[in-house]
Each structure stands twice: as C-alpha cells, then as structure tokens.
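# Coordinate analysis (summary)
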Amino acid sequence: MDYFLTEEQEMIRDLARQIAQERIKPIRAQLDEAEEFPHEIIKALGQADLFGIIIPEEYGGLGGGCLENCLAVEELSRACVGCSTSYAASFLGAYPILLYGSKEQKEKYLPAIASGETLAAFALTESASGSDAASIKTEAVRQGDEYILRGSKQWITNGGEAGVYTVVAITDRSKGPRGASAFIVEPGDPGFSVGKKESKLGIRASATAELIFNDCRIPADRLLSREGMGFVVAMRTFDQSRPGVGAQGVGLAQGALDEAAAFAKTRKQFGKPIITFQAVAHMLADMATKIEAGRALVYATARYIDSGAKDIGKVSAMSKLFPTDVAMEVTTNAVQILGGHGYMRDYPVEKMMRDAKILQIYEGTNQIQRNVIGQELNKEYGRKK
Amino acid sequence: MKIIVCIKQVPDTANVRLDPETHTLKREGVESIVNPFDLFALEAALRLREELGGAITAITMGPPQAAEVIKEAIGYGVDDGLLVSDRAFAGADTWATTRALAAAVEHLGGADLIVCGKQAVDGDTAQVGPGLAQRLDLPQVAFVKGWREISDGHLVLERQMDDGFDVVRLPLPGLITVVREVGEPRPPSLKGKMRAKKYQVPAVGAAELGLDPAEVGLAGSHTEVVKVFAPQAGGDRLMLGGTAEEAGARVIDLLVEAKVIAGGA
Ligand SMILES: Cc1cc2nc3c(=O)[nH]c(=O)nc-3n(C[C@H](O)[C@H](O)[C@H](O)COP(=O)(O)OP(=O)(O)OC[C@H]3O[C@@H](n4cnc5c(N)ncnc54)[C@H](O)[C@@H]3O)c2cc1C
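As the structure is a computational prediction, the values presented were derived from the model and not from experiment.

## Side note on the overall build of chain A
Within chain A, the secondary structure is distributed over twelve helices and ten strands. Scaling as 2.2 N^0.38, a compact globule of 385 residues should have a C-alpha radius of gyration of about 21 Å, and chain A matches this with 21 Å. Seen along its three principal axes, the alpha-carbon backbone of chain A occupies a region of about 80 × 55 × 40 Å. Put simply, chain A has 385 residues, and 55% of those count as buried.

## A closer look at the sheet that holds strand 8 (residues 113-117) of chain B
Residues and elements named next belong to chain B. Taken together, nine strands build an open sheet; the order of strands is 11-10-9-12-8-1-6-7-13 and the sheet is mixed. The sheet terminates laterally at strand 11 (164-171) and strand 13 (203-204), the two strands that pair on one side only. Pairing between strand 1 (residues 2-6) and strand 8: four bridges, direction parallel. Looking across to strand 8, one finds that isoleucine 4 is bridged to isoleucine 114. Packed onto the sheet, helix 4 (residues 128-136) meets strand 1, strand 8, strand 9 (140-150) and strand 12 (174-178) and runs at close to 175° relative to strand 12.

## A short note on unusual backbone geometry
Glycine aside, a negative phi is what most residues show, and trans is what most peptide bonds show. Following Leu172(B), the chain continues to Pro173(B) via a peptide bond in cis, the omega torsion being 5°. Take Pro173(B): it is sitting in the loop between strand 11 and strand 12. A positive phi is found at Ser225(A), a non-glycine position, where the angle reads about 55°. With respect to the helices, strands and loops of the structure, Ser225(A) is situated in the loop between strand 8 (223-224) and helix 7 (230-266).

## Section: the nonpolar core
Note that soluble globular proteins tend to have their nonpolar side chains buried in a common cluster. By size, the foremost hydrophobic cluster in this structure holds 109 residues, and its most contacted members are Leu50(A), Ile53(A), Tyr87(A), Leu149(A) and Val185(A). Ranked by residues supplied to this core, first place goes to helix 7 of chain A with eleven residues. When sequence neighbours within four positions are dropped, the list of residues in contact with Ile53(A) reads Ile12(A), Leu62(A), Gly63(A), Gly64(A), Gly65(A), Glu68(A), Asn69(A), Ala72(A), Tyr87(A), Phe91(A) and Leu190(B).

## Considering the domain arrangement of chain A
Note on interface size: it is often stated as the accessible area lost on association of the parts. Residue and element names in this part refer to chain A. In terms of domains, chain A is made up of domain 1 (7-119), domain 2 (121-229) and domain 3 (231-380). Using only C-alpha atoms to locate each centre, domain 2 and domain 3 end up separated by 30 Å. In this complex, domain 2 contributes 15 residues to the contact, which on the side of domain 3 involves twelve residues. Summed over both partners, the interface of domain 2 with domain 3 comes to about 1200 Å²; 77% of that surface belongs to carbon and sulfur atoms. Of all residues in domain 2, the largest losses of buried area upon contact with domain 3 belong to Leu201, Ile203 and Met229, amounting jointly to 41% of the total for that side. Between domain 2 and domain 3 we count zero salt bridges in total. Linking domain 2 with domain 3 are five residue pairs in polar contact (both at pLDDT 80 or more), by the criterion used here.

## Observations regarding the site of the ligand
Residues and elements named next belong to chain A. Neighbouring the ligand are 20 residues, the closest being Phe122, Thr125, Ser131, Thr365 and Gln367. In the model, a nitrogen atom of the ligand is placed 2.8 Å from a nitrogen or oxygen of the phenylalanine 122 main chain. Contact between the ligand and leucine 124: an oxygen atom at 2.8 Å from a main-chain N or O atom of the residue. Surface burial for the ligand is 65%, taken as the share of its 970 Å² of free accessible area covered by protein chains. Of all the secondary-structure elements, those providing two or more residues to the shell around the ligand are strand 1 (120-123), strand 3 (146-157) and helix 12 (366-384). Looking at the shell around the ligand residue by residue, the class counts come to ten nonpolar, eight polar and two charged. Domain assignment of the residues forming the shell around the ligand places at least three in each of domain 2 (121-229) and domain 3 (231-380).

## What to know about the environment of Glu72(B)
Note on placement: Glu72(B) falls in helix 2 (residues 67-76). Taking the C-alpha atoms as reference points, Glu72(B) and Leu190(B), 118 residues apart in sequence, are found 12 Å from one another.

## Some details on helix 2 of chain B
Residue and element names in this part refer to chain B. Of all ten residues in helix 2, seven are buried; the element is thus mostly enclosed. Within helix 2, burial applies to Ala67, Val69, Ile70, Ala73, Ile74, Gly75 and Tyr76. In this structure, the buried residues of helix 2 make contact with strand 2 (9-11), strand 5 (32-34), helix 1 (36-52), strand 6 (55-61), strand 7 (80-84) and helix 5 (190-198). Of the residues flanking the end of helix 2, it is glycine 77, one or two places downstream, whose phi is positive at about 115°.

## Notes on the packing of helix 7 of chain A against helix 11 (residues 349-359) of chain A
Any two packed helices are characterised by how steeply their axes cross, that is the angle between the axes, and by the distance between the axes. Residues and elements named next belong to chain A. Interaxial distance between helix 7 and helix 11 falls to 10 Å at its minimum, and their mutual angle equals 160°. Judged by the angle between their axes, helix 7 and helix 11 are roughly antiparallel. The crossing of helix 7 and helix 11 is left-handed. Seen from helix 7, the contacting residues are Val245, Gln248, Gly249, Leu252, Gly255, Ala256 and Glu259; seen from helix 11, they are Val349, Met352, Asp355, Ala356 and Leu359. For the contact of helix 7 with helix 11, the class distribution of residues is seven nonpolar, three polar and two charged.

## Some points on the state of the cysteines
All names here are of chain A. The tally for this structure, following the rule as stated, stands at zero disulfides over all chains. Cysteine 66 carries a free sulfur, and the closest cysteine sulfur to it, the one in cysteine 70, is 4.2 Å from it. For cysteine 66, a relative accessible area of 1% puts it in the buried group. For cysteine 70, a relative accessible area of 0% gives the class buried.

## A word on the domain arrangement of chain B
What the domain assignment reports for chain B is domain 1 (2-215) and domain 2 (235-265). Here domain 1 of chain B and domain 2 of chain B have C-alpha centroids that lie 46 Å from each other.

## Section: the pairing of strand 1 of chain A
Residue and element names in this part refer to chain A. Where burial is concerned, the two faces of strand 1 agree: the one with Ala120 and Phe122 and the one with Ala121 and Ala123 are both buried. With four bridges joining them, strand 1 and strand 4 (residues 164-170) adopt parallel strand pairing. By the bridge assignment for strand 4, phenylalanine 122 is matched with threonine 166.

## Comments concerning the pairing of strand 6 of chain B
Residues and elements named next belong to chain B. In terms of burial, strand 6 is a largely internal element, six of the seven residues being buried. With five bridges connecting them, strand 1 and strand 6 associate as parallel partners. Residue pairing across strands places lysine 2 opposite alanine 55, the latter belonging to strand 6. Where the polypeptide runs from strand 6 across helix 2 and back to strand 7, its parallel neighbour, the crossover connection is right-handed.

## Structural notes on the packing of aromatic side chains
Inspection of the entire model under this criterion finds ten aromatic pairs over all chains. A centroid spacing of 5.5 Å and a plane angle of 75° characterise the contact between Phe122(A) and Phe238(A), whose relative ring orientation is edge-to-face. Here Phe122(A) is found in strand 1, whereas its partner Phe238(A) is found in helix 7, with 116 residues between them in sequence. Per residue, the accessibility class of Phe122(A) equals that of Phe238(A), and both read buried. A centroid spacing of 5.2 Å and a plane angle of 50° characterise the contact between Tyr165(A) and Phe192(A), whose relative ring orientation is tilted. In this pair, Tyr165(A) sits in strand 4 while Phe192(A) sits in strand 6 (residues 192-197), placing the two residues 27 residues apart along the sequence. Comparing Tyr165(A) with Phe192(A) shows no difference in burial state: the two are buried. Over the ring of Trp95(B) we find Arg135(B), and its NZ or CZ is 4.2 Å from the ring centre. Above the ring of Phe165(B), the side-chain terminus of Lys145(B) is found at 4.5 Å from the ring centroid.

Conventions used here
- Residues numbered from 1 in each chain as written.
- Chains lettered and ligands numbered in written order.
- Predicted model: local features only at pLDDT ≥ 70, side-chain atom pairs only at ≥ 80, totals over all residues.
- Heavy atoms only, no water.
- Helix = DSSP H or I, 4+ residues; strand = E, 2+ residues; numbered from the N terminus.
- Rg over C-alpha atoms; globule rule 2.2 N^0.38 Å.
- Buried < 20%, exposed > 50% of the residue type's maximum accessible area, 1.4 Å probe, protein only.
- Pairing = 2+ DSSP bridges.
- Contact = heavy atoms within 4.5 Å.
- Axes fitted to C-alpha atoms, helices over the stretch in contact; angles between N-to-C directions.
- Core = buried A, V, L, I, M, F, W, Y, C linked by side-chain atoms within 4.5 Å.
- Domains from an automatic or database assignment.
- Buried area = accessible area lost by both parts, 1.4 Å probe.
- Salt bridge = Lys/Arg side-chain N within 4 Å of Asp/Glu carboxyl O.
- Polar contact = N/O pair within 3.5 Å; in protein donor to acceptor, adjacent residues only side chain to side chain.
- Near = heavy atom within 4 Å.
- Areas by Shrake-Rupley, 256 points an atom, 1.4 Å probe, with all protein chains shown as cover.
- Nonpolar A, V, L, I, M, F, W, Y, C, P; charged D, E, K, R; others polar.
- Parallel < 35°, antiparallel > 145°, perpendicular 65-115°, else oblique.
- Left-handed = near helix turned anticlockwise from the far one by under 90°.
- Disulfide = S-S within 2.5 Å.
- Right-handed = clockwise from strand over helix to strand, strands pointing away.
- Phe/Tyr/Trp six-rings, centres within 6.5 Å; stacked < 30°, edge-to-face > 60°.
- Lys NZ or Arg CZ within 6 Å of the ring centre and 35° of its normal.

Okay, structure coming up:
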C-alpha cells in the first residue's frame, strides 16, 4: 500500500529499516537472552540522526512530527521491540520538555537528546499508582531556590541509562490532580538514585528500573511549565506518544507475519506447503488485513496530530489500542503457524509473542484506552442531544 | 586536519556473474555500490575527524554516474566531494589511475592525510593506495587496523600482518590504507542524506587537472590484459568413511604419505 509519504519520510523509513536489518536483527536474540541493553544500537541510531526526528531544527533535530516518529519506530519494532522501546522512551522523556519546556530548558536538554548522546526517560508510575496516575505519592516541596523530591518511581524505561528524567510529583496535595507538577531530574542530582533493574517476560533488551528520590534536591528552574501542570504535561505527552506505541504494534506484527508467511511457504506436511491449507492461509490473511488496518489508523492519526489538531485524545487512544491488540493476536498466531518450531528459541516468533504483551500494558493499558475512548464518546453524544 | 578519502564505485560483487564466453564481468543490470573496503576508509576518516577536527573530502575516479558514490559519502557525513571523470581516463590500470588521482589531490591543494580502502573488490590489486603515495612522494602505511596515538603531526598505527600486527609511526602528511578491523562503518545519517540529495558533485577532467591524455586511461596504462579466465576447479577428491576417529587417523596417514606433514612416533 502506498501511503504517499514525502521523500524525507521515505528516507527516514528506509534508514530505520536498514539499521533494523543490518544491526538489530543479527543480535536481537542475544540481547533478549542476556537481558542486555543495546548500547551499540543506540549509538548507531544517534549517528544516523534518528533521535532528532521530533526535535526542532533549532535544537539540532530534524523538525519532524508524529508520523516521522511512527515510521522510524515501526521499522525498528519489526526487528526488535526491546530496542524500539529504548528508542521511543527517549522521546517519551523528551516530549514534556519539547511541549512545555522554557527556551533555556530546551536549549540545555534537547540538543543532547537529538544527537542520541543523552537518552531521556519519563517517570510517572509508582508501586501503588499505575492506571490511577492521580494517586501518586512522590512529592516535591519548594525550599528557597530548590525543590526537594521524596518518593520513588517504578518500572521506568531507560532507568539507569538515561541522562535526563522527566518526573511527575505532587506539589500541593490539597489540590488533587491539579496539585501535581513535572520536573527535570539529572542522574547526578543529590539524593537521586536508580534502584533495581527488573527482569522481564519480554522487551528484555530494554532497561526497566526503579528511581529513588531520597530528599533529592534540584534547582527550582527544573520545574516544567507551572506548578499544578503535572498531569496536563503527562496527558499531552501521552497524546503525542501513543501513536508511536501503535506503530510498535504494527511493526512487531509485520515482523511476525514476515516470519509466519515465509515459514508457511516452505514447511511441507501431507506433501504440501502448509500455506496451501485454507486454515493456515486464512490465518495469514486475517493477520495481514489487521496489520494494514492498524497501519492506516496509526498513519492517519499521526497526520491528524501533525496538522495541529487539538481534539486528539480519542484518536490517539484508538491508534494505541487497535494495533497493539492486533500485535498480540498476530504474534500468537505466528507461533501457531510455526507450530513446535515457533515455540523454540531458534525462531524469532516466540520472542515476538513475549514482546507483544507489553504493548497492551504500558503507556496506559488497553482497558484504560477504552475508558478514554468511551468517555469521549459519552461527551460527544451528550453534546449532540 | 585535512583528510582526503579515495573511494571507488564497483559492481555489487555479491550479485555479479561472469560471461561464460568472454570470462569478463557481466556488469549490465548489476547494481553499483561503494567498494566495501572504502566504507572502512570513510569510517576511519570520520573517526579521525571526530578526534582531530577538520574536514573530509571524498574523491573518486570513474564515469559520470560515479558521482553517486560521492553523494553516498556525503550521506555518511563527509564535508565535500570531487568526481574525477573524463573519457580520457577510461581503461586505466592502477598506474594510470594513480596518475589521475595524484593530480586530483594536488588540485585540491593536498591533504594532511589520505585514506584508502585496502583494495577494490572488482580489481583486487591493492595497488592504488600505495601507488598514489608514491606518486605524491608521501610516507604510507598499508593495512591499517587501528591507531594508538593521533595528532596533527603524526599517527601511531597498527598495521595488520599475517601473524599479528606492527606498530608504525607515520609522520604527516601521509597516506594509509585500512582493513576491516579499523571499525564497523556507521550508518549514513539523515542530515547527511538530506544534504546529499541537494549536493552538486564538483567534477574535474584531464584538462582541468593539466593531464596529457597520453599519460592517463588506456593510453597511459602499462597493464595489458591478455586473457581472463576462470581457474579450473581441479584435483582429486577422496571421501573417507568410518567414525570420526577412524577418518581422522586415516587423514594423518595420508598427509604423512604425501609428505605434507612429518610422521613420527
Ligand atoms: C516494561 C514496562 C515499562 C514501563 N515503562 C514506564 C515508564 O517508562 N514510565 C512510567 O511512568 N511507567 C512505565 N511503566 C508503567 C506502566 O505504564 C503501567 O504498568 C501501566 O500504566 C499500568 O499500571 P499497573 O501496571 O500498575 O496496572 P494497574 O493499574 O494496577 O492495572 C491492573 C489491571 O487492572 C486494569 N484496570 C485498572 N484500572 C482500571 C479501570 N479504571 N478500568 C478498567 N480496567 C482497569 C488494568 O487495565 C490492568 O489490566 C512501565 C511498565 C512496564 C511493565
């Protein structure tokens, strides 16, 4: 299908595909097995300018938008979602600065993120606060020219690898959700430390760790936007980033279809390639159809966001929900089509199936996406009456 | 540091076939690529520029379409390029090639360092790098696999040998040819590729370089290709059966019989 990409967008897609093919594919199984962070891949992506996609040119980036980001993420995910998560999480950490940072904050942090020299991370989740983000406990207290952060964050992607963390903390408990604020934390800040690195089912090349703020002192000018804007920063960030998670689903599912279709053409049982059995061919047909539908939804949503539209919450949620559910289904069916081979570590599809699950969980579970869409529908149809 | 990298456009040998009649390479329909060894030369130049600053110019001699490899080099991040192209250069052997390349280097005002790949995968001579150094009267180190010390005045290099490596000090200006171990080529960059799209590759011919057509191309070549042929795969084959131990013992007996290895107690 031709999505009428610009020459520049094709260039981004092709370069990401080349790196995925030449650098990531040959080592993905080893990274997964050893649960090893892909430093070499991150370096290559930086040299290729791919970390600069969404960063404006004045800060050393390429000035692209959501669609450009999705194209790169899709191609990287086709090879390895562990690697693409480490890549995309840097944008998740960068968006708050990009969307709400002051000129000084942008000048200080964005160029190093754009070059890939510094990875970024985004920290909202806590041990007792997942889907219910408003219940976070980490607090930030203003003291003179500083804020003192107390608490901890859980399961933070790029934790321990990042050079910049955007952290949401409560500045005024009495104001409820309007009492949260977003801050920039650097690894060297006194009282900041990285706790345990998690061992995971999938995306094992990515680093997921705890962040600990033990009376962590940061200069007051690390506040993003104003006090009280914490959840606005977080929600606007997710609006931008969710199509990227959808793109991970599209890429991952495409990678699984590539494997399943190629296998089905060569594997013979009962004297025939198994692709000639209608039951198998129909599975492949459904996989391909749903992937294309997911891709169309992701690209359309990304273009809508890039047009500057404001009402993006619902479509952004849809563009995360659908392709990631598709990725889970497609990777499961890919294992089914490969049969026992698919269950073995010698083939990449079992990893793909393990990797798919996270896409339905992080950046808002798919139940939460449905809640968002449902609430929007409730509002829309309320207005029409 | 002013660095010149010499690169060559070659047929993608992974897909090239021989004409069974003439035994020459069938180039039609085969994609052209940057000589793979030259990508290591580019990588070496880019790493040296990262450390020492300065600028890199990529030069290539070839037909007009060889401008493509200059654009590719721009995509990898080199600063400038030069296409050395003229009908008069056609059919050049390594002697005539180094004549034209030396003139191009002088046309660019020389360099502190010239970097070449160890050899081109189409000709496989490994002569152009060292020949170019000779033409320019520059010190040279071939088969460089890495460096221990770099400065504007000299490089301390590791030269790959069959049995290990040498450590060699090269005063600059000088020339090196590099092998794969010098470092995995980085991917091209998006900014580089965007610049390459618009980049107009400067070109020079024999006249601009002040070269007499008789010294270059086929006319200036000393090599005469008498015949090209595929070597016959020959020799006898012997399959040994039995267990691995039995076959292994038999191999040793045969090698001793053939006096390839010495028999002993
Ligand atoms: C590998 C990994 C990386 C992560 N990276 C980051 C990161 O970089 N930054 C960050 O801040 N967080 C990160 N997270 C956290 C992630 O965003 C949360 O796991 C996610 O938001 C869900 O929260 P939870 O796991 O606490 O599940 P819970 O909120 O406890 O949910 C448990 C189950 O209940 C369902 N549920 C909860 N509430 C509702 C409701 N109202 N309606 C319907 N169903 C509901 C959920 O859908 C889910 O199925 C990461 C998590 C993982 C596993």
